[in-house]
Amino acid sequence: MNLLTVKDLHASYGAIKVLHGVNVEVSKGGATAVLGANGAGKTTLLRAICGMITRSGTIELDGQPIDKLDTAEIARRGVAHVPQGRGTFTTLTAEENLRLGAYTRRKSPKLQQDFELVYSYFPRLYERRNQQAGTLSGGEQQMLAVGRALMLEPKLLVLDEPSFGLAPRIVQEIFGIMRKINREQHVSVLVVEQNANLALDFADRACVLETGVVVTSGSPEDMRQNEDVRRAYLGY
């Protein structure tokens with residue numbers, strides 16, 4: 001059963017049309033990877049799902065339409081967006097950033113429990129909880145961005161290029177933690193990722209976006225057996 005269903009999604013920036021009838025699904029408790037070259041429309045897809053740009057089509061979360069809702073209401077429904085570049089508030093401490101992630105549920109009795117959960121996944125954030133976010137390393141800032149998204153208590157985690165600019169060892173660590181979050185907390189994941197091999201290792205479903213159109217989709221095994229995908233994205 002799907003948590004997220006996107007059908008015939010069109011999106012544009014003013015007169016510039018970027019997405020042309022995109023269909024994407026994320027199963028409950030599952031992970032879907034979106035592959036594609038720069039300029040294919042991957043970031044636009046995530047922004048459209050989160051209500052950040054003009055779009056048309058059908059977007060359903062847990063069977064309920066969200067395509068007419070604004071960004072804040074979509075977040076309240078349980079969609080947490082981790083943008084490319086992490087979007088941390090650099091002058092605030094790590095813990096203040098986490099607290100902002102829980103703003104819509106700041107009176108929740110579970111809040112302290114959720115802080116402890118985030119710190120259990122990212123012990124380095126606990127060590128640096130009183131440190132200004134702008135002084136953290138790139139990997140720590142990415143951990144903070146994911147942690148802040150978790151404080152929303154999301155149903156769906158939407159990540160844009162989480163490996164961007166990070167050392168391979170840090171990337172493996174972050175994806176390992178994301179895998180634990182996906183499996184242990186049953187948080188569904190939609191991830192845009194340039195590192196196709198990494199994305200296919202992580203996801204249970206994948207699609208390839210080219211010039212605003214999904215050209216192929218299926219299981220990671222399907223992607224690895226597709227000659228065009230292998231040549232263009234997997235390097236063999």
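In this text the structure is predicted, and so the values were computed from the model without any measurement. (Residues numbered from 1 in each chain as written. Predicted model: local features only at pLDDT ≥ 70, side-chain atom pairs only at ≥ 80, totals over all residues. Heavy atoms only, no water.)

1. A word on the pairing of strand β4 (residues 54–61)
Where strand β1 (residues 2–13) and β4 come together, seven bridges link them in antiparallel fashion. Residue K7 lies in a different strand from β4, and its bridge partner there is T58. With two bridges connecting them, β4 and strand β5 (residues 64–65) associate as antiparallel partners. Opposite E60, over in β5, you have P65 as the bridge partner. Once β4 ends, the chain turns through two residues before running back antiparallel as β5, passing D62 with a positive phi of about 55 degrees. (Pairing = 2+ DSSP bridges. Helix = DSSP H or I, 4+ residues; strand = E, 2+ residues; numbered from the N terminus.)

2. Some details on helix α7 (residues 168–184)
The end-to-end C-alpha distance of α7, which contains 17 residues, comes to 24 Å, matching closely the 24 Å that a straight helix rising 1.5 Å per residue would cover. Residues of α7 that are buried include every one of I170, V171, I174, F175, I177, M178, I181 and N182, and no others. Buried residues of α7, viewed axially, fall in a sector of 160 degrees; they line one side. With respect to the buried face of α7, the exposed residues turned more than 90 degrees away are P168, R169, Q172 and R183. Looking at the buried side of α7, the elements it contacts are α4 (111–121), α5 (123–127), α6 (138–150), β7 (156–160), β8 (188–192) and α8 (196–202). Just downstream of α7, H186 is the residue with a positive phi angle, here 60 degrees. (Expected span 1.5 Å × (residues − 1). Buried < 20%, exposed > 50% of the residue type's maximum accessible area, 1.4 Å probe, protein only. Arc of directions from axis to C-beta. Contact = heavy atoms within 4.5 Å.)

3. Some remarks on the layout of surface pockets
Taken as a whole, the largest pocket spans an internal volume of roughly 490 Å³. For the largest pocket, the lining is made up of 21 residues, of which A75, H81, L100, G101 and R148 are closest to its centre. Of all the elements in the fold, those that place two or more residues in the lining of the largest pocket are α2 (71–76), β6 (79–82), α3 (94–101) and α6. Looking at which element gives the most residues to the lining of the largest pocket, the answer is α2, with five residues. Counted by class, the lining of the largest pocket contains 14 nonpolar, five polar and two charged residues. In this structure, the second largest pocket occupies an estimated 190 Å³ of space. Taken together, K110, D114, L117, V118, Y121, L150, E153, P154, Q185 and V187 make up the lining of the second largest pocket. For the lining of the second largest pocket, the element with the highest residue contribution is α4, accounting for four residues. Of the residues belonging to the lining of the second largest pocket, the class tally is six nonpolar, one polar and three charged. (1 Å grid on protein atoms, 1.4 Å probe; cavity = no way out; pocket = protein on both sides within 12 Å on 5 of 7 lines; lining within 4 Å. Points joined across faces, edges and corners; volume = space filled by probe spheres on them. Nonpolar A, V, L, I, M, F, W, Y, C, P; charged D, E, K, R; others polar.)

4. Focus on the sheet that holds strand β3 (residues 31–35)
If you walk across this open sheet you meet the six strands as β6-β7-β8-β3-β9-β10, and the pairing is mixed. Edge positions in the sheet fall to β6 and β10 (213–218), since each of these pairs with one other strand and no more. The sheet shows a mean angle of 15 degrees between the axes of neighbouring strands, direction not considered. Pairing of strand β9 (residues 205–210) with β10 involves five bridges; the strand directions are antiparallel. Counterpart to V208 in the pairing with β10 is T216. Relative to the sheet, α6 contacts β6 and β7, its axis offset from that of β6 by approximately 165 degrees. (Axes fitted to C-alpha atoms, helices over the stretch in contact; angles between N-to-C directions.)

5. Digging into the pattern of salt bridges
Pairs can form between side chains of opposite charge once their charged atoms are near each other. If you walk through the whole model with that rule in mind, you get 14 salt bridges. Residue K155 is joined to D62 by a salt bridge in which the shortest nitrogen-to-oxygen separation is 3.6 Å. Of the two residues, K155 sits in the loop between α6 and β7 while D62 sits in the loop between β4 and β5, which places them 93 residues apart along the sequence. The class for K155 is partly exposed, based on a relative accessible area of 38%. Owing to a relative accessible area of 30%, D62 belongs among the partly exposed residues under this scheme. We note a salt bridge from E73 to R77, for which the minimum N-O separation is 2.9 Å. Exposure remark for E73: the relative accessible area of 21% places this residue in the partly exposed category. (Salt bridge = Lys/Arg side-chain N within 4 Å of Asp/Glu carboxyl O.)

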